[in-house]
Number of protein chains: 2
Amino acid sequence: MPPRAQEDPTPAEWQVLSLVWKAGPLPTRQIIATLQEQTDWSTSTIKTLLRRLVDKGHLSTRAVGNSFVYSAKKSPQSALRRAGETLLGHANEATVAPLLAHLVKKSGLNRDELAELRELIDDLSQDAADEEGKS
Amino acid sequence: MPPRAQEDPTPAEWQVLSLVWKAGPLPTRQIIATLQEQTDWSTSTIKTLLRRLVDKGHLSTRAVGNSFVYSAKKSPQSALRRAGETLLGHANEATVAPLLAHLVKKSGLNRDELAELRELIDDLSQDAADEEGKS
DNA sequence: CCGTTCTGTCTACTTTTGTCGACGGGTGTC
DNA sequence: GACACCCGTCGACAAAAGTAGACAGAACGG
């Protein structure tokens, strides 16, 4: 399976990545401990995933004592955006809107975040109106 | 790689699936023709993808003449939602909002759709206010 | 010092996914 | 009827992803 934009993390890798994003730079020991609470992966498996993430450039390591501390190399945003765009790419005119609605509902944004999002939408509506009025 | 919630389509499969969603029930011949305009997959490859999608329950077939007509078995919505939820799952408090904003921006919704989304957000804001006010 | 423990590296094995070519049965056409 | 075409099914094979055991050296407790 040749082309798999090798920068995209695989499902299992996402899980590791998310943890590092969420909990900041972490030593191997801790990553393993935390992940083993959520999954039933063996120690080896996690180490392999970690190694592959480093290989793919998602994580970077810093030696501390006899072990490594992993930190995200790229911003979570960029990876999430990429993945998000891929998702949008799968939708079409008829399905985009419902999809967005679903995501917003499920996202659990708080009041402030919702307000901000609404502002964004207002701006976009304005643009859309200009666009559509023009043509 | 044992457990891959076998219902989730793989990248290559998504492409086939999207086509069927977009263009409604289609005969093999057409699917192949269309996909070969977008990719450089061989006929065999596409047939295999089609077969696997049927196996996984994403598409259903109906024999028409000496060939098959494929149609989506599940609504595009459900597959998109699943994928969307997976994506949300990768984000966290700090990254969800920016992600959503990005998606809305990229989604290219038109005026009406934006208006509808805005209404949804207003509703949610109301709920959030209740929630937060209560506790 | 010496065995125990922890850590990272290697190697390896199984499923999936990505891609196809080879076949075998219909159909249509001179 | 003989031959060229479509079509679907099989079988295959390489690369990627998932999962994990084995091993070597550093660090640690006694």
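Visitor: Quick question: what am I supposed to make of the packing of aromatic side chains here?
Guide: For any pair of aromatic rings, geometry is given as the distance between the ring centres together with the angle between the planes. Residue and element names in this part refer to chain A. This structure, assessed with the given rule, holds four aromatic pairs over all chains. Aromatic pair Phe68 and Tyr70: ring centres 6.4 Å apart, planes at 80 degrees, arrangement edge-to-face. Relative accessible area serves as the criterion here: at 40%, Phe68 is assigned to the partly exposed category. Note on Tyr70: relative accessible area 8%, which makes it buried.

Visitor: Which parts of the structure should I look at to understand the side chain of Ser71 of chain A?
Guide: Its location among the elements puts Ser71 of chain A in strand E3 (residues 67-72). Setting aside its immediate chain neighbours within four residues, Ser71 of chain A contacts Val20, Pro25, His58, Leu59 and Ser60 of chain A.

Visitor: Before we go on, may I ask you to explain the sheet that holds strand E1 (residues 26-27) of chain B in this structure?
Guide: Sheets are built from strands paired through backbone hydrogen bonds, the pairs being either parallel or antiparallel. Residues and elements named next belong to chain B. Taken together, three strands build an open sheet; the order of strands is E1-E3-E2 and the sheet is antiparallel. On the outer flanks of this sheet lie E1 and strand E2 (59-64), each paired with one strand and no other. Taken together, the six bridges between E2 and strand E3 (residues 67-72) define a ladder with antiparallel strand orientation. Across the sheet, residue Leu59 finds its bridge partner in E3, namely Ala72. Each of E2 and E3 is contacted by helix H3 (residues 43-55), which is oriented at about 115 degrees to E2, the strand it contacts most.

Visitor: Can you walk me through helix H5 (residues 93-107) of chain B in this structure?
Guide: Side chains that are three or four residues apart share a direction in an α-helix, a result of its 3.6 residues per turn. Residues and elements named next belong to chain B. Relative to the 21 Å expected for 15 residues at 1.5 Å per residue, H5 spans 22 Å between its end C-alpha atoms, a close match to the ideal helical length. Within H5, burial applies to Thr95, Val96, Ala97, Leu99, Leu100, Ala101, His102, Leu103, Val104 and Ser107. Measuring from the backbone nitrogen of Ala94 back to the side-chain oxygen at the start of H5 gives 2.9 Å, which picks out Asn92 as the cap. Following H5 by one or two positions, Gly108 adopts a phi angle in the positive range, close to 65 degrees.

Visitor: Explain the environment of Lys56 of chain B to me, please; I cannot follow it from the model alone.
Guide: Residue and element names in this part refer to chain B. With respect to the element layout, Lys56 can be found in the loop between H3 and E2. Counting along the chain gives 56 residues from Lys56 to Asp112, while the straight-line C-alpha distance between them is 36 Å. In this structure the side chain of Lys56 is engaged in a polar contact, spanning 3.0 Å, whose partner is the side chain of Glu13.

Visitor: Looking at this model, I keep getting lost on a negative patch on the surface. Mind explaining?
Guide: All names here are of chain A. Side chains of Asp112, Glu116, Glu119, Asp123, Asp127 and Asp130 sit close together on the surface and give a patch of like negative charge. Secondary-structure assignment places Glu119 in helix H6 (residues 111-134). Residue Glu119 is classed as exposed on the basis of its relative accessible area of 55%.

Visitor: Help me understand the domain arrangement of chain A in this model?
Guide: Buried accessible area, meaning the area lost when the parts come together, often serves as the stated size of an interface. Assigned domains within chain A: domain 1 (11-72) and domain 2 (91-134). If you average the C-alpha positions of domain 1 of chain A and of domain 2 of chain A, the two centres end up 35 Å apart.

Visitor: Would you mind going over the interface of chain B and chain A with me for this structure?
Guide: If you look at the interface, chain B gives 48 residues, while chain A gives 48 residues. In total, chain B and chain A occlude about 4,500 Å² of area from one another, counting both sides; carbon and sulfur atoms represent 72% of this. The largest share of the area that chain B buries against chain A comes from His90, Arg111 and Ile121 of chain B, three residues that together contribute 13% of it. Scanning the region where chain B abuts chain A turns up two salt bridges. With a shortest N-O distance of 2.3 Å, Asp122 of chain B and Arg118 of chain A are connected by a salt bridge. Linking chain B with chain A are four residue pairs in polar contact (both at pLDDT 80 or more), by the criterion used here. For the side of chain B that touches chain A, the secondary-structure elements that each account for two or more residues are helix H1 (11-23), helix H4 (76-90), H5 and helix H6 (111-134) of chain B. Take the side of chain B that touches chain A: its biggest share by element is 15 residues, from H5 of chain B.

Visitor: When you look at the sheet that holds E3 of chain A in this model, what are you seeing that I'm missing?
Guide: Residues and elements named next belong to chain A. Across the sheet, which stays open at both edges, the three strands sit in the order E1-E3-E2 with antiparallel pairing between neighbours. Because the sheet does not close on itself, it has two edges, and the strands there are strand E1 (26-27) and strand E2 (59-64). Bridge count for E1 against E3 is two bridges, and the pairing is antiparallel. Bridged to Leu26 within E3 is Tyr70. Against the sheet, helix H1 (residues 11-23) engages E1, E2 and E3, with an angle of about 85 degrees to E3.

Criteria and cut-off values
Residues numbered from 1 in each chain as written. Chains lettered and ligands numbered in written order. Predicted model: local features only at pLDDT ≥ 70, side-chain atom pairs only at ≥ 80, totals over all residues. Heavy atoms only, no water. Phe/Tyr/Trp six-rings, centres within 6.5 Å; stacked < 30°, edge-to-face > 60°. Buried < 20%, exposed > 50% of the residue type's maximum accessible area, 1.4 Å probe, protein only. Helix = DSSP H or I, 4+ residues; strand = E, 2+ residues; numbered from the N terminus. Contact = heavy atoms within 4.5 Å. Pairing = 2+ DSSP bridges. Axes fitted to C-alpha atoms, helices over the stretch in contact; angles between N-to-C directions. Expected span 1.5 Å × (residues − 1). Polar contact = N/O pair within 3.5 Å; in protein donor to acceptor, adjacent residues only side chain to side chain. Patch = residues over 30% accessible without salt bridge, like charges linked within 9 Å, V, L, I, M, F, W, Y side chains within 5 Å. Areas by Shrake-Rupley, 256 points an atom, 1.4 Å probe, with all protein chains shown as cover. Salt bridge = Lys/Arg side-chain N within 4 Å of Asp/Glu carboxyl O. Lys, Arg positive; Asp, Glu negative; His and termini not counted. Charge placed at Lys NZ, Arg CZ, Asp CG, Glu CD. Domains from an automatic or database assignment. Buried area = accessible area lost by both parts, 1.4 Å probe.

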